[in-house]
Every structure is written in structure tokens, then in C-alpha cells.
There are 2 protein chains.
Amino acid sequence: MQLGTIDRTSDRPPSKQIADDLRGLIQSSRLVAGEQLPSEAKLMDHYGVARMTARQALQELKSEGLVVSEHGRGVFVRRTVPVRRLASDRFARRYRDQGKAAFLAEAEKSGATPSVDSIQVTEDYPDVEVQQRLRVPEDEIVIVRSRRYLSDGIPVETAVSYIPGDIGKGTKIAEMDTGPGGIYARIEDAGHTLEHFTEEVTARMPTERERDQLQLGTSVPIMRVVRTAYDFQGRAVEVCDTIKAAPAFVLEYDFPAR
Amino acid sequence: MQLGTIDRTSDRPPSKQIADDLRGLIQSSRLVAGEQLPSEAKLMDHYGVARMTARQALQELKSEGLVVSEHGRGVFVRRTVPVRRLASDRFARRYRDQGKAAFLAEAEKSGATPSVDSIQVTEDYPDVEVQQRLRVPEDEIVIVRSRRYLSDGIPVETAVSYIPGDIGKGTKIAEMDTGPGGIYARIEDAGHTLEHFTEEVTARMPTERERDQLQLGTSVPIMRVVRTAYDFQGRAVEVCDTIKAAPAFVLEYDFPAR
């Protein structure tokens, strides 16, 4: 990677010029997705600037969503190839039967190495929105499963699933390891054969907490996808509330022209 | 509507205090969606501030996406009830047969008065993305139909449709008024019975041009939905590229758990 120089006679602040230089390397693919950027020390040395200037340059690129910092490891070019996610395919029974989680299959297809962290399983009373979506009373316990998905080590999505207690309690749905096929297979084992899903997609700026969890720059929006799974009796058997880093996803849907 | 007062001894700038006051009226529904805010002159008079202060207060609410200004008419509370858009339903043949445009039907359902402006119909060579999506060569003319959708007079979406010239040229598809059922009915009249649609959803911050067209605040993201219509031969017969003000839409999809 060939860093350029800064023009000390220019009106443009050195930090912006360094950001311009690094941005150019990314946009021309001389610095590619997943690749590490020069450290602050390297930038200070190369451009002859103070640490604060080097830091501001990196901060600028972070706020644009071009790079992400990984704690203790450095700053990396954000994956520019988003995960393509075809809804009608990703929850197909054949994938569940293979026991392959949808996100992992998709991320692999896009050439990334997927991972999951921050898995938590708890039981709780549902908030008003979950009550309405699951159509359960406020005093009915629900199983709450939350996790974070990463692509090449970069957080791209958080997800929280809610399953009515009468379906999930005392089963693997309430355990960390849900076994082959995941919670959808276990919900079907419990006699609730899945019939269809609905998804609601919205987009907005992240909350502070979401920004932290997904390590987003200050001007990177999120997409929220709330999926509800229904069984053949028309009962809502799971709600999954996901927050996705917008640059990391293309959501694909297909539907008949009936 | 009862405006409050500002505290001149506070550290908080008067423009922020006025924005807080107006925001409170909106959040407590004392100022409701579609309702007009006090003019700059009214704010100056009521709070005893300069025009610039009043303007900054309104600008603050605009940047949050809570209000929109309509040129020459004033500043209005943005519709907080988004248009719900169920993809598999909105392009159903029964709606086309009634000759009802999907956006108009949905907006009516959400209680808003829909309208369309800036309609343009031209013929042009396709850019690379349209070539790939329609699978047409670069020297094949396409019909380009663009328009803007408004909900209660507030712009919420721009849309550009591309139809291959061999399907659209010399038909109503290339005219301003496409007749009952719109372009999908005309594409079917031309022998291309529609079989299915795909949609790709992404979200990002708007370009300057998109921000202008949709009158967005500086921190309001857009959703881009690119739909492709396929006929029974598997041919792509239309691509529709839409940019939506994110706060104005909930995109709904349903799909079987097959």
C-alpha cells in the first residue's frame, strides 16, 4: 500500500487530507475489505503529524462507515460486499434439516467468515410490542434468546428471539445449544409445524447502544427486520427482532405476481 | 396549540429550548401529523427572539425528521404513521385489474391523502446496473418513467421504472398516461404475463439530490428498494428503482416456510 503526501500550504486540514488519501486507497481497491489500515503511529511517522491528527483522520473514515476498529487489533476496511439475504430461501426447511443457521450459510456464500458471539438465553415478561406480536398476555413468560453476528470478525447484526414459554420452557429452546436445525427445528419438534413468516423492514439511525454493539460510524444507519414465524394453526410461535448495520446487507425478497 | 416559554438564565441556547418546546408538543400529540407549525414570525413574536434563532429551532426539528417544510406553504409535522407496504399484496393482479396504483391504495389505507408529481417519461440508453438487471445490451433503448410520491403533500418516495424498448416503444408504456392498471397491465397486454417479482432492500444516507427531492433532514436515512418484474419466460420486463424516506415506510413481506 502506497501512502501519499499532504499539502501543508492547503486550506484543507491535514487530518482531512490524510482521510482523503486513505479513502482513495480504499475506493481504488488498493486497500481491500478486511485489510488493516496503517496504525496511528505509522500515520504520524509517514505524514509527519501529531497523534490527534492521525486519530481524526481514522475517525473521519469510521464515521463514513468505510472502516471499523476492532478493539486491541487495529482499524480495518469494512467489508464492502454486503451479505445477500434471500428471505424466502433462508428459512427453507432444507436448510433447517441440514442444521445450518441461515446467517452462517449466507455469509459463507458472500465469501466471509461468519461467527456468533454474546449469546444469552433468559426468561422474562414480554414488553408491549412482543406481547402484541406474539399475542401473549403480559404475565406470560417468554424465552429471550439474544446474540450478535459477525462477518470476518466485524459485528454486522444483533438479534433477539422471543418464544412463548408454553412452547419453549423445559426444552432445548431455553438452553444455550438448541441442537441441529436450531430453534425452528425445536419449535416444530414441539408440534408447531411452521407455515409462514412475515418480516417488517424499517431503517433509521442507531441508538447509542446499537452504535456501540455494531461499532458503527456516526453517520451509518441501521435496518431493523422484525420476523414473526407462524404455525399451521396461525399461531405466532416466534418473534425475531434484528438490528443490522445497513452497509453490510442487501435484503432480497421474491414473491409471485398472483 | 399552547407554546411554552424559554429560560433566559439557562445555559441551553434559546433555539434549542424552542426546539424542545415544539418537540414536546409533537411528542404529546398536541401538534399532530400534517399540522402546520407556527411561522418564524410567530415564533419570534411569542418567544421574543431573532429570526435566525427561530429558524435554527425549526432547522433542528427538520434535521431530526420530525417536521418538513413545504416550499411557500410553511413547516408541517411529518406523518408519524408510516405507509405499510405488503409486497406480496401490493402487486396482486386484483389491484392491477381495478386499475389502482399500489402506492395510492396503501397510502389511503394508512389514512393519508396520496399524490404523485414530477412525472417524466423519456427514452434512453441504460446504465450498467439497469443493463445487468434487465439483461439488455448497452445499445438497446429503454423507456424511463420517473415520478415522485407524496403523502398528505409531503414527498416520501421517488421511483424510476425502466422497461425494455422492444416491449414499451410505441405503446402506452411510453406515454404519460398508461391507462387502467398502469404499466404492469400494459406489459401483460404486450404478451408478457407477469410471473414473479424480486425486491432488493438496502438503506443508507441520502445523496444531496435525494435529500432535496424528499426534503429530508440531515440525519434521516433512505431505504432503496429495487424491484424487478419477470414474465413466465423468466425474462426481466421491468426494473423499478425507488428511494424512500425511511421514517415514512414499513416494508412488509411474507413468505412460506416451505
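Residues numbered from 1 in each chain as written. Chains lettered and ligands numbered in written order. Predicted model: local features only at pLDDT ≥ 70, side-chain atom pairs only at ≥ 80, totals over all residues. Heavy atoms only, no water.

Per an unreviewed UniProt entry, the recorded name for chain A is GntR family transcriptional regulator, and the organism is Actinopolyspora mortivallis.

Here the focus is the domain arrangement of chain A. Residue and element names in this part refer to chain A. For chain A, the assigned domains are domain 1 (14-77) and domain 2 (84-252). Taking only C-alpha atoms into account, the centre of domain 1 sits 34 Å from that of domain 2. It is Ser63, Val68 and Glu70 that lose the most area in domain 1 upon contact with domain 2, and together they represent 61% of the buried surface on that side. The tally of links from domain 1 across to domain 2 stands at zero salt bridges. (Domains from an automatic or database assignment. Buried area = accessible area lost by both parts, 1.4 Å probe. Salt bridge = Lys/Arg side-chain N within 4 Å of Asp/Glu carboxyl O.)

Bringing the pairing of strand β9 (residues 236-245) of chain B into the picture now. Looking along a regular strand, one sees the side chains alternate between the two faces of the sheet. All names here are of chain B. Counting buried residues in β9 gives ten out of ten residues, a clear majority hidden from the surface. Of the strand pairs in this sheet, strand β6 (residues 154-164) and β9 are connected by six bridges, and their pairing is antiparallel. Across the sheet, the residue bridging to alanine 159 is threonine 242, located in β9. Counted along the chain from strand β8 (residues 222-231) to the antiparallel partner β9, the turn is four residues long, and its residue glycine 234 has a positive phi close to 80 degrees. (Buried < 20%, exposed > 50% of the residue type's maximum accessible area, 1.4 Å probe, protein only. Helix = DSSP H or I, 4+ residues; strand = E, 2+ residues; numbered from the N terminus. Pairing = 2+ DSSP bridges.)

All names here are of chain A. Together, Val116, Ile119 and Met176 line one region of the surface with nonpolar side chains, adding up to about 250 Å² of accessible area. On the secondary structure map, methionine 176 appears in the loop between α8 (165-168) and α9 (182-189). Judged by relative accessible area, which is 52%, methionine 176 ranks as exposed. (Patch = residues over 30% accessible without salt bridge, like charges linked within 9 Å, V, L, I, M, F, W, Y side chains within 5 Å. Areas by Shrake-Rupley, 256 points an atom, 1.4 Å probe, with all protein chains shown as cover.)

This part covers the interface of chain B and chain A. On the chain A side, the residues contacting the 33 residues of chain B number 33 residues. Buried area between chain B and chain A, both sides added, is near 2,800 Å², and the carbon and sulfur share of it is 60%. At the junction of chain B and chain A, the tally comes to zero salt bridges. Applying the counting rule to chain B against chain A returns eight residue pairs in polar contact (both at pLDDT 80 or more). Secondary structure elements with two or more residues in the side of chain B that touches chain A: α4 (87-90), α5 (93-98), β7 (194-204) and β10 (249-256) of chain B. (Contact = heavy atoms within 4.5 Å. Polar contact = N/O pair within 3.5 Å; in protein donor to acceptor, adjacent residues only side chain to side chain.)

Let's shift gears to the packing of aromatic side chains. Counted under the stated rule, the structure contains five aromatic pairs over all chains. Among the aromatic residues, those joined into a cluster by ring pairs are Tyr184 and Phe197 of chain A together with Phe255 of chain B. In this structure, lysine 244 of chain A packs its charged tip against the face of phenylalanine 249 of chain A, placed 4.9 Å from the ring centre. (Phe/Tyr/Trp six-rings, centres within 6.5 Å; stacked < 30°, edge-to-face > 60°. Lys NZ or Arg CZ within 6 Å of the ring centre and 35° of its normal.)

Either a parallel or an antiparallel arrangement is found when strands of a sheet pair, and the pairing is made through backbone hydrogen bonds. Read from one edge of the open sheet, eight strands run β3(A)-β10(A)-β7(B)-β8(B)-β9(B)-β6(B)-β5(B)-β4(B), paired in mixed fashion. Across the chains shown, the open sheet's two edge strands, defined by having one partner strand only, are β3 (83-86) of chain A together with β4 (114-124) of chain B. Across the sheet, the mean angle separating the axes of adjacent strands is 15 degrees when strand polarity is ignored. Pairing of strand β5 (residues 142-151) of chain B with β6 of chain B involves ten bridges; the strand directions are antiparallel. Its bridge partner lying in β6 of chain B, tyrosine 149 of chain B is registered against glutamate 157 of chain B. (Axes fitted to C-alpha atoms, helices over the stretch in contact; angles between N-to-C directions.)

Our next topic: the packing of helix α1 (residues 14-27) of chain A against helix α3 (residues 51-63) of chain A. Residues and elements named next belong to chain A. With their axes 8 Å apart at the nearest point, α1 and α3 run at an angle of 50 degrees to one another. Viewed along their axes, α1 and α3 adopt a mutual orientation that is oblique. Classified by chirality, the crossing of α3 by α1 is right-handed. Counting all contacts with α1, which are made through Pro14, Ser15, Lys16, Ile18, Ala19, Leu22 and Arg23, the residues of α3 involved are Thr53, Gln56, Ala57, Leu58, Glu60 and Leu61. Classifying every residue of the contact of α1 with α3 gives seven nonpolar, three polar and three charged. (Parallel < 35°, antiparallel > 145°, perpendicular 65-115°, else oblique. Left-handed = near helix turned anticlockwise from the far one by under 90°. Nonpolar A, V, L, I, M, F, W, Y, C, P; charged D, E, K, R; others polar.)

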